[in-house]
Structures are given as structure tokens and as C-alpha cells.
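Single-letter residue listing:
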Amino acid sequence: MAEDTGWRIKLTKTVRDFSGSPFPKGSVLKAQISPEGKLEVYGAQHLTLHPHEWEPVLTDEDFRRLLNG
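Residues numbered from 1 in each chain as written. Predicted model: local features only at pLDDT ≥ 70, side-chain atom pairs only at ≥ 80, totals over all residues. Heavy atoms only, no water.

The strand order across the open sheet formed by four strands is β5-β4-β1-β6, and the pairing between neighbours is antiparallel. The open sheet is flanked by β5 (39–41) and β6 (54–57), the only strands paired with a single partner. Strand-to-strand twist across the sheet, computed as the mean angle between neighbouring axes with direction ignored, equals 45°. (Pairing = 2+ DSSP bridges. Helix = DSSP H or I, 4+ residues; strand = E, 2+ residues; numbered from the N terminus. Axes fitted to C-alpha atoms, helices over the stretch in contact; angles between N-to-C directions.)

The calculated volume of the largest pocket comes to roughly 250 Å³. Along its surface, the largest pocket is lined by 14 residues, and Lys-38, Leu-39, Glu-40, Leu-47 and Thr-48 are the ones closest to its centre. The element that contributes the greatest number of residues to the lining of the largest pocket is β5, accounting for three residues. Its residues assigned to classes, the lining of the largest pocket shows eight nonpolar, four polar and two charged. (1 Å grid on protein atoms, 1.4 Å probe; cavity = no way out; pocket = protein on both sides within 12 Å on 5 of 7 lines; lining within 4 Å. Points joined across faces, edges and corners; volume = space filled by probe spheres on them. Nonpolar A, V, L, I, M, F, W, Y, C, P; charged D, E, K, R; others polar.)

Residues Ile-9, Leu-11, Val-15, Phe-23, Leu-29, Ala-31, Leu-39, Val-41, Ala-44, Leu-47 and Leu-49 constitute the largest nonpolar core, which totals eleven residues. Every element with two or more residues in this core is listed here: β1 (7–11), β4 (28–33) and β5. Beyond its immediate stretch of four places on either side in the chain, Leu-29 contacts Trp-7, Arg-8, Ile-9, Leu-11, Phe-23, Val-41 and Leu-47. (Core = buried A, V, L, I, M, F, W, Y, C linked by side-chain atoms within 4.5 Å. Buried < 20%, exposed > 50% of the residue type's maximum accessible area, 1.4 Å probe, protein only. Contact = heavy atoms within 4.5 Å.)

Before going further, it helps to examine the pattern of salt bridges. Under the criterion given, the structure shown has three salt bridges. Between Arg-65 and Asp-62 there is a salt bridge whose closest N-O contact spans 2.5 Å. Note that Arg-65 and Asp-62 are positioned in helix α1 (residues 60–67) at a spacing of three residues, about one turn of the helix. Overall, Arg-65 belongs to the partly exposed group, its relative accessible area being 41%. (Salt bridge = Lys/Arg side-chain N within 4 Å of Asp/Glu carboxyl O.)

As C-alpha cells, this is what we get:
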């Protein structure tokens, strides 16, 4: 099984992707950093986020991994 390299972010405002699909404020999304250094959200079409539009989130699974080494 491949290691999960993504992490979670929480939106601090409602945003829309390129196709117009809304992502409401407070949504928790899975994301990764692209080779170009940009934040990429899984399942979104060209969702460009600025630093003030999201914050990192630690899930219960993240806490378990941290505590178990």
C-alpha cells in the first residue's frame, strides 16, 4: 500500500474551482504541494488557494501517527 502523502486543510472562506463548483467555508479538504510549490486540492479542478483562504488541520489519524511514532 502506498504511503498517504497528503494532508488536510480547512477553508477559511467559501471558494470556487475553475468549473464553478463551490467549496464552502469550513470544508476540510485533502491537499498536497505540487512540484511547482502550489497547493493542490484533491477532487478540485484548478482550485487556486491563497494563504489567507486556508489553514492546516490535524485529524484524529494524524494525532495517532504522531503519538505512535
